[in-house]
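Listed here are the chains, written in short residue letters.
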Amino acid sequence: MIILNDIAKEYTQGKTKVIVLNKLCLHVNYNENVGIIGPSGSGKSTLLNLIGLLEQPSSGNLRICNVDFNELKDEEKVIFRKENIGFIFQNNQLLEDFNVEENVALPLLINGNSFRKSISKANDYLHLLGISDRNKFKPGLLSGGEQQRVAIARALIKSPKILLADEPTGSLDHENTKIVFNSIRKLSKEHKIITVFATHNLNLVKLLDKCFLMEGGKLIDYNKNK
Ligand code: ADP
Ligand code: MG
């Protein structure tokens, strides 16, 4: 479960204080996928970065899978993130020095697994995503949609409890948006991963379990039938 209570996030730049999140609350249950929509600059990425423990809230309480993050040290947060949280970004952030299977295997290699075992598991995930024939390619040779499928494989390979997807289809055409979105939704359900999906795309949001609109630093339950 993800439980956010009265989360605030402010940034100060010189004399300007920007309140991005303002007493925001969110509950996501085990095995649920939720969508966050809202205009650019409304705080979607800030929220995902807080849940992903990349940023600290200014105040409020954050619990993920029964861990209270007000009580964890920074090193413990890093370990929790490495073991439990997978990220997919709009820009896939694949490493051009490595081929596709190595990019996918990287989280396992960083966690100390053997090269052979990590590459073998990477190929299992590439197979699940229908791109096993691209495993020896450098990422730059793949289409945008294929690159995002590699990024999905990389995010899922360590079997995270939480998947955070920040506009992962934002730079894809209609057809690839469908493929990438359906892959994320299907795999996260099959692997029982809580998924938080930030997007501009209302048509996608309708297919998720719950949807919230980011407005005024808070999340408002969004009526999907609107
Ligand atoms: P979204 O993902 O919905 O487009 P963001 O979460 O990226 O929105 O940004 C929300 C607001 O927070 C923006 O006004 C942005 O300028 C501000 N912001 C984000 N990160 C920082 C930062 N590190 N320092 C100052 N302001 C920031
Ligand atoms: Mg954003």
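Residues numbered from 1 in each chain as written. Chains lettered and ligands numbered in written order. Predicted model: local features only at pLDDT ≥ 70, side-chain atom pairs only at ≥ 80, totals over all residues. Heavy atoms only, no water.

Enquirer: Help me understand the sheet that holds strand E5 (residues 67–68) in this model?
Expert: Paired through backbone hydrogen bonds, the strands of a sheet run either parallel or antiparallel to each other. Taken together, four strands build an open sheet; the order of strands is E2-E1-E4-E5 and the sheet is antiparallel. Of all the strands in the sheet, the pair left with one neighbour each is strand E2 (16–28) and E5. Pairing geometry for strand E4 (residues 59–64) and E5, over two bridges, is antiparallel. Note that in E5 the partner of Arg-63 across the bridge is Asp-68. This element, helix H1 (residues 44–51), spans strand E1 (2–13), E2 and E4 of the sheet and lies at about 120° to E1. (Pairing = 2+ DSSP bridges. Helix = DSSP H or I, 4+ residues; strand = E, 2+ residues; numbered from the N terminus. Contact = heavy atoms within 4.5 Å. Axes fitted to C-alpha atoms, helices over the stretch in contact; angles between N-to-C directions.)

Enquirer: What's the story with the pattern of salt bridges in this structure? I'm lost.
Expert: Opposite charge on two side chains makes pairing possible when the charged atoms of those side chains draw close. Enumeration according to the criterion identifies 10 salt bridges in this entry. Linking Arg-134 and Glu-146 is a salt bridge whose minimum nitrogen-to-oxygen distance equals 3.2 Å. With Arg-134 in the loop between helix H4 (115–128) and helix H5 (144–156) and Glu-146 in helix H5, this pair connects stretches of sequence that are 12 residues apart. By relative accessible area, which is 24% here, Arg-134 ends up partly exposed. By relative accessible area, which is 13% here, Glu-146 ends up buried. The closest approach of N and O atoms between Lys-189 and Asp-209, which form a salt bridge, is 2.7 Å. With Lys-189 in helix H6 (residues 174–190) and Asp-209 in the loop between helix H7 (202–205) and strand E9 (210–215), this residue pair connects regions lying 20 residues apart in the sequence. Counted as one network, the salt bridges with shared partners bring together Asp-133, Arg-134 and Glu-146. (Salt bridge = Lys/Arg side-chain N within 4 Å of Asp/Glu carboxyl O. Buried < 20%, exposed > 50% of the residue type's maximum accessible area, 1.4 Å probe, protein only.)

Enquirer: Looking at this structure, how should I read the sheet that holds E9?
Expert: Spatially, the six strands line up as an open sheet ordered E6-E7-E8-E3-E9-E10, and their pairing is mixed. Sheet topology places strand E6 (85–89) and strand E10 (218–221) at the edges, where each strand pairs with a single neighbour. The sheet shows a mean angle of 20° between the axes of neighbouring strands, taken without regard to direction. Here E6 runs beside strand E7 (residues 162–166); their pairing, made up of five bridges, is parallel. The residue bridging Phe-89 from the neighbouring strand is Asp-166, located in E7. Those strands touched by helix H2 (residues 74–84) are E6 and E7, and its axis lies near 70° from that of E6.

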